[in-house]
Each structure stands twice: as structure tokens, then as C-alpha cells.
Amino acid sequence: MKVGMIGLGRMGGNIARRLMRGGHEVVVFDRSAESVKQLASEGAIAADGLYDMQRKLSAGTGGVFGLGRKPTPSIFWVMLPAGKPTEDTIAELAALAQPHDVVIDGGNTFYKDDIRRAKVLNQRGIDYVDVGTSGGVWGLERGYCMMIGGKPDVVLNLDPIFATLAPGFGDIPRTKGRTANDDRAERGYIHAGPAGAGHFVKMVHNGIEYGMMQAFAEGFDIMKNKMSERLPEDERFDLNLTDISEVWRRGSVVSSWLLDLTAQALASDEKLDKFSGQVADSGEGQWTIEAAMEEAVPAHVLTAALYARYRSRSGNTFGEKVLSAMRFGFGGHVETK
């Protein structure tokens, strides 16, 4: 399929690369001319703006799109930071796109914004799909876990794109007792529901991620401080955190990718001196807590994890360095100064 990728940062650039590896034709645009030039050198079609992208996506079309016979719509995948950059780009696409074209937002957008945008674009005959995308800087090789919102027929027509980006079955054993006929979840992507549902599920995913990371961070902080002078001398342990993180990776109940990343960071520098411990948040944690409040659902762990990130910006602990190390490991997130 032919896809326009808008935004070639850590995620967008690698999504474009994985699509090209899967045989798709990708037209790319970014404010950074150097990023566009790099992707073009790898086989992408360079565009110098959204109008140019629309023109290049339309060139040579008129065949079959997915399962229905109609001229091939243009597919615009927006991979930009949530908020004004995404809002402005989608507003521009709304004026540029043609009926039956598809606008995909693959960033970390607030799901209520998806619902609003879908209504506006649908009035113009333009289809809107939201894709909560997890995989970070590792997605190019590992594949991306995707939670998708939109009209069922539109999502189905886009299936070749999602199938290429997803991890696939891999070597993970099937869940015992699972009998679902739809195997997309087992391949790493789901159609979660109408517009907004994809980003809602991804939002909660990130809220859970905050809680899991905070649990690891607090645990390692407790072990780090077992040499505290506050303790009786015979109760002090000089623990090897690098070895502990490694042994927990092997057969432990808490083994996980986040633990893998923590072990890698500690193996490189047990003191994590390159991290200050000032931990940023990208919005999803707060939105998850807001959703919990709207639904009257207690969310003690997720709320505490979010507040811990706020607190980290004024004086830092070793645990917060562990958090920063994990965020850098899976997403390439650099601490704000």
C-alpha cells in the first residue's frame, strides 16, 4: 500500500522504515529537511509539504483499496507530538484531503480529541483512525503493538499496514483456553472500537506502565539504601544491584522487558550517574487518572506513580534515576533539564 508519513522522529522514522521493509510505498514529510533526505536515501519518496505529499500519494492511483473496488484513497499517517503540532496538521489535512481519504493519528493523542476530530472529518467524507502505538525505539526490529480506533471497514482496509508493523505471532505461546476467531490480538494489534477507543486503551496502557516502572524504581531504591547509616551496622547490606536485576530476569515472577532495560542500564553504570532522575510525563498518566475519576474507579497505584513523577522534578532519588534509565531504554526519552 501507499502511505504518507508525517513526522519522522524516533517513532515516525522507524515506522516508515518498517513499512518499506514490508514492501509498502512511503511518502515522507518532516519539518527537518535532513530527516526527509535520510529516509529518501533509504527508499522513501520525499515530499516538501502536505500538498506535495497529497499530490504524490495520488499519483498513479485508481486501483483497488483493500476489499472494496474504488479509486485508492490517500492515507496520511500523522506521527507528531500530541497537542498543537498534531492539531494544526490534521486541520490542514482536513482542508486538503478528498472524500474517502484516511487520516491516521499514531501519536499519543487524548482520546476525546479523536472523537471530536472524527466527527469533523467525517462531515467532509474523510475517514479518521486513531492508533495507540507502543514499541518505542525498538519497534523497527521488534514490531509495534497497536490499539486501533475507527470504523470497522476502514480499519479492515488498512490491515496490510497494521500487519506489517505488528510483531506477528513470534515465539510467544498461545494463551491457554483462548478460542477467539480473530487472531489480530495474537499478532500484536487490535481494533479496539470506534474513533478514540485506540488511544483510550493506549492511554490506560501508559498509566499501567507508570505504575510498573514506579514499583521497580522504589524496589531498587530500597535495596540501594540498605547501606544507610540509619540502620544498625549488622543490618546493612552492600547489595549488587546489577546482579540482582540480572537474576530477576531469569525465572522470576517480576521478569519483564522493563526489568531487561533496567538490567542493561545498571550493567552499563550501576550508579546511573548519567541520569538526574528528573522524570517527565507525556500526559497519558494524567489522562488515565482523569478517566478513573470520571468513572469513579479507584486507581491508587497509578495516581501515586504519576505524583512521584511530579515530585521527581525537585530533588532526586536513586529510584528516580532508575525510572529515567527505563524511559531512555524503551523510548529514547532524554531528561528535561
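None of these values were measured; they are calculated from a predicted model.

Caption draft 1: Fine view of the overall build of the protein chain. Within the protein chain one finds 15 helices and eight strands. Whereas a compact globule of 337 residues would reach a radius of gyration of roughly 20 Å, the protein chain reaches 22 Å, a difference of no more than 12%. For the protein chain, the residues scored as buried account for 48% of the 337 residues in total. Excluding contacts between residues fewer than 6 apart, the proportion of contacts in the protein chain whose partners are at least 24 apart in sequence is 66%. Working note: accessible area of the protein chain is about 16900 Å², and carbon and sulfur atoms make up 55% of it. Within the protein chain, one finds 39 positive and 43 negative side-chain charges whose respective centroids are separated by 3 Å.

Caption draft 2: Highlighting the confidence of the model for the protein chain. Looking at the protein chain, the pLDDT average stands at 93 and 96% of residues meet or exceed 70. Predicted confidence is poor over residues 62-70, with pLDDT under 50, and the contacts of this stretch with residues over four places away or in other chains come to 20 contacts.

Caption draft 3: Main features of the sheet that holds strand β1 (residues 2-6). With respect to topology, eight strands assemble into an open sheet ordered β3-β2-β1-β4-β5-β6-β7-β8, the strand pairing being mixed. The open sheet has two edge strands, β3 (45-46) and β8 (189-193), and neither has a second partner. In the sheet, strand β6 (residues 127-134) pairs with strand β7 (residues 145-149) via five bridges, with the strands oriented antiparallel. Considered in β7, the bridge of V131 is made with I148. Relative to strand β4 (residues 75-78), helix α4 (residues 84-96) is tilted by about 170°, and along the sheet it contacts β1, β4, β5 (102-105) and β6.

Caption draft 4: Region of interest: the pattern of salt bridges. Scanning the entire structure with this criterion turns up 20 salt bridges. Where K151 meets D127, a salt bridge forms, and the shortest distance between an N and an O atom there is 3.3 Å. Taken together, the positions of K151 in the loop between β7 and α7 (152-157) and D127 in strand β6 put the pair 24 residues apart, joining distant regions of the chain. Looking at D127, the relative accessible area reads 11%, which means it is buried.

Caption draft 5: Structural view of helix α1 (residues 10-21). The end-to-end C-alpha distance of α1 is 17 Å, a good match for the 16 Å that twelve residues give at a rise of 1.5 Å each. Here α1 lies mainly inside the structure; nine of its twelve residues are buried. All buried positions along α1 are accounted for by M11, G12, G13, N14, I15, A16, R18, L19 and M20. Looking one or two residues beyond α1, the residue adopting positive phi is G23, at roughly 90°.

Analysis parameters
- Residues numbered from 1 in each chain as written.
- Predicted model: local features only at pLDDT ≥ 70, side-chain atom pairs only at ≥ 80, totals over all residues.
- Heavy atoms only, no water.
- Helix = DSSP H or I, 4+ residues; strand = E, 2+ residues; numbered from the N terminus.
- Rg over C-alpha atoms; globule rule 2.2 N^0.38 Å.
- Buried < 20%, exposed > 50% of the residue type's maximum accessible area, 1.4 Å probe, protein only.
- Contact = heavy atoms within 4.5 Å.
- Areas by Shrake-Rupley, 256 points an atom, 1.4 Å probe, with all protein chains shown as cover.
- Lys, Arg positive; Asp, Glu negative; His and termini not counted.
- Charge placed at Lys NZ, Arg CZ, Asp CG, Glu CD.
- pLDDT = per-residue confidence, 0-100.
- Pairing = 2+ DSSP bridges.
- Axes fitted to C-alpha atoms, helices over the stretch in contact; angles between N-to-C directions.
- Salt bridge = Lys/Arg side-chain N within 4 Å of Asp/Glu carboxyl O.
- Expected span 1.5 Å × (residues − 1).

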